[in-house]
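The primary structure of each chain is shown beneath.
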Amino acid sequence: MVRSSLALVVGCALASGCLLEWDRLRATDGGRPMPDTAVEDTGVPEDTEPPPDTRVPPEDTAVVDSGVDSRVDMGPELAPPDTTVPDTMVPVDTMIPADTRVPDTAMPDTAMDSRVDTSAPDTTPMDTFVPVDTAPADTGPPDAGDCFRGLCRCSAMNPTGWCMVGEGCSSGACVRLPGGVVGALVVTEVMSDPNYPAGGNASAPEWFEVYNPGPTPVNLQGMRVSDNSGSYSVPAALILPARAYAVFAYTLDPALNTGLRNITVVYGSAILLANGADRVVLDMGTPTTEIDRVEYASTGWPNMRGRSKTLNPTSLNAMDNNTGSNWCNGARMYGTEMNMGTPGEANTCP
Ligand SMILES: [Ca+2]
Ligand SMILES: [Ca+2]
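A brief look at the structure comes next. Because the structure is a prediction, the values reported are computed rather than measured.

**Thoughts on the pairing of strand 7 (residues 173–176)**
As paired strands, strand 6 (residues 167–170) and strand 7 are joined by four bridges and run antiparallel to one another. What sits directly across from C169, in strand 7, is C174. The antiparallel hairpin formed by strand 6 and strand 7 contains two residues in its connecting segment, where S171 sits at a positive phi of about 50 degrees.

**What about the environment of T336?**
By the element assignment, T336 lies in the loop between strand 20 (333–334) and strand 21 (339–340). Since 17 C-beta atoms lie within 10 Å of it, T336 is described here as partly exposed. Each C-alpha atom of the pair T336 and N257 lies 9.0 Å from the other, and the pair is 79 residues apart in sequence.

**With respect to the sheet that holds strand 17 (residues 290–296)**
Taking strand neighbours across the sheet as the criterion, the four strands line up as 12-11-16-17 in an open arrangement whose pairing is antiparallel. Of all strands in the sheet, those with a lone pairing partner are strand 12 (231–233) and strand 17, marking the two edges. Pairs of neighbouring strands in the sheet enclose a mean axial angle of 10 degrees, with direction left out of account.

**Here we look at the environment of A242**
Summarising the element assignment, A242 is placed in the loop between strand 13 (239–240) and strand 14 (245–249). For A242, a count of 17 C-beta atoms within 10 Å translates into the label partly exposed. For the pair formed by A242 and T160, sequence separation is 82 residues and the distance between their alpha carbons is 9.5 Å. Ignoring anything within four residues of it in the chain, the contact list for A242 reads N212, G214, P215, T216 and P217.

**Side note on unusual backbone geometry**
Positive phi, normally seen in glycine, also occurs at R243, with a value near 55 degrees. Take R243: it is sitting in the loop between strand 13 and strand 14. According to the C-beta neighbour criterion, R243 is partly exposed, with 14 such atoms within 10 Å. Positive phi values are uncommon outside glycine, yet T258 reaches one of about 60 degrees. Looking at where T258 falls in the secondary structure, it is placed in the loop between helix 6 (254–257) and strand 15 (263–266).

Calculation rules
Residues numbered from 1 in each chain as written. Chains lettered and ligands numbered in written order. Predicted model: local features only at pLDDT ≥ 70, side-chain atom pairs only at ≥ 80, totals over all residues. Pairing = 2+ DSSP bridges. Helix = DSSP H or I, 4+ residues; strand = E, 2+ residues; numbered from the N terminus. Buried ≥ 20, exposed ≤ 12 C-beta atoms within 10 Å, placed from the backbone. Axes fitted to C-alpha atoms, helices over the stretch in contact; angles between N-to-C directions. Contact = placed C-beta atoms within 7 Å.

Any functional reading would require information beyond the geometric quantities listed.
Laid out in structure tokens, this is it:
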């Protein structure tokens, strides 16, 4: 018993060994605990409970148990850290998942904090990916796999935890909001006509921003974003904290995106925002699950090159953002090409 526990601890000091060990211990069926092997909410499988003198700190347990299950693309997880940035289209599996093995003490503890980080430009996506787990809300302590850096699934023990789009956490359970998904998220900023370096890709510095106006963190997994040229769906669990902003960008490459910060999701060439008239639509994969829509035009809307269309901060809802007069030109400079806007941060209008 002691020997095997030590082996697990040692194994867990090695990133991939941990994940494999945890997967082996956690019998799953497509990511859901099988009926006869459901993992109790004690967070640690009984047969791996280390003796008191070898008990690992909670932080390490959460890190070790990244909870990545079989439905999450393990390729990037198992590979050594790779900071190489794709130069063009960024497919789904290049969305950089959270580094779930090495505690990053240099980074703020939450995505919310990262938005106000004023240190060197950081193009790392929001570090809040969590494993896919569609098990019903439980009443015990959150499974380690349901948490990442303090953002845990809604439960009796975590009454302010995350739920899926269109749900809120009430009395420890995820319940449908009165309006369902409608307005559960809001498009708050669109950079459709950015400045870009001579000879560069005019689409690469494009981005748009999505705001969670609710009091509960939201898991964006499965949300589809689309414009008049294509669409992209968030492939893995991604927690957007309450009243926080997510930045959807063409590329992580700072040389191409002109130093864009706070990138949460990379959609690649799936989305090509037109300069004149286009739309940004959020839904859960079907037209009947539309969350928000902004249809901007070449007239009646802020329309200056190098400035984002910025929703007035007094109008951060899915209805008011339908009207061009509720938007202004972004005015805060960022990056390297004198582009202006507030990607991932609160909007400002005169
Ligand atoms: Ca709208
Ligand atoms: Ca903003």
